[in-house]
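Letter by letter, the chains look like this.
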Amino acid sequence: MADRLDVRSPRLRLTRRHVSALLLGGLAAAGCATMPSKRHLSQRPPDRVVSLPQPQPLGVLSLTEALARRQSVREFELTTPTTPQIGQLLWAAQGITRSSGGRTAPSAGALYPLEVYAVTRGTLWHYLPDGHRAEQWDAPATLAAELGDAAVGQDAVSSAPLLVVITGVVDRTYAKYRGRAAQFVTLEAGHCAQNVLLAAVALGLGAVPVGALSDEAVRRRLGLTDALTPYYLVPVGTPRAAGE
Ligand SMILES: Cc1cc2nc3c(=O)[nH]c(=O)nc-3n(C[C@H](O)[C@H](O)[C@H](O)COP(=O)(O)O)c2cc1C
């Protein structure tokens, strides 16, 4: 039983050995050359690359408390989260946690198709898990407002002091998993987003996962190529105090 997997059709029952052989065959047929290089993610090179502060153990909240306190927050104070907080959120999204290259979020076949961006006033960030760094571009102060337009005019997006943008390169997963790839990468975006939401709570911040967006409009505003699929915009900030 433990050695048998159901693959899509209940009538198609394959052993793990069969699945491995099929996957390896698929990988060989696809060829690793189909994997887009990093340089094909953005339409222009970054203005700079910065090191991020090392992630710190987060406060005193237990995981149970963080789960219990998580709720969607759509109204924020004007203050922008600090660079250590942004670094902590990006690490929660896709940080490398072990020498094998494993990350905070699981990934089908450890192929890591996700690419995480952040938008603060005047800056676009692209997280580089390797070395816990970020590429940065100077960006118009109106970028969050433009992304709000790309998300059916949602105020939570246009007014957010920080947006975490979760995108993925489906081709990276397609080379191995073919017809399941789009589903796998979407699932991974969910894992990643939940990490960000819980890390925000642990930092005393609030956030909401926004999935109502136009892929093309988000790509255009962020200068991303078609290799990337945007899944979520996650506005993050200090929750606005009641009555303000
Ligand atoms: C796939 C998905 C897409 C979502 N898209 C949006 C969105 O576009 N705008 C928004 O304000 N909230 C969005 N949400 C947040 C939900 O509205 C929210 O999780 C739900 O109302 C439950 O409330 P809670 O998060 O406070 O528990 C989305 C949630 C999920 C899981």
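Residues numbered from 1 in each chain as written. Predicted model: local features only at pLDDT ≥ 70, side-chain atom pairs only at ≥ 80, totals over all residues. Heavy atoms only, no water.

Right, let's talk about the pairing of strand S7 (residues 162-168) for a bit. In terms of residue burial, S7 counts as a mostly covered element, since seven of its seven residues are buried. Burial along S7 is two-sided: the face carrying Leu 162, Val 164, Ile 166 and Gly 168 and the face carrying Leu 163, Val 165 and Thr 167 are both buried. Bridge count between strand S4 (residues 114-120) and S7: seven bridges; the pairing is antiparallel. The residue bridging Glu 115 from the neighbouring strand is Thr 167, located in S7. With seven bridges connecting them, S7 and strand S9 (residues 229-237) associate as antiparallel partners. The partner of Val 164 across the bridge, within S9, is Val 234. (Buried < 20%, exposed > 50% of the residue type's maximum accessible area, 1.4 Å probe, protein only. Helix = DSSP H or I, 4+ residues; strand = E, 2+ residues; numbered from the N terminus. Pairing = 2+ DSSP bridges.)

Below, the discussion takes up the packing of aromatic side chains. Counting across every chain of the model gives one aromatic pair. Seen from their ring centres, Tyr 177 and Phe 184 are 5.0 Å apart, and the 70° between their planes marks the pair as edge-to-face. In this structure Phe 184 comes out as partly exposed when scored by relative accessible area, which is 21%. (Phe/Tyr/Trp six-rings, centres within 6.5 Å; stacked < 30°, edge-to-face > 60°.)

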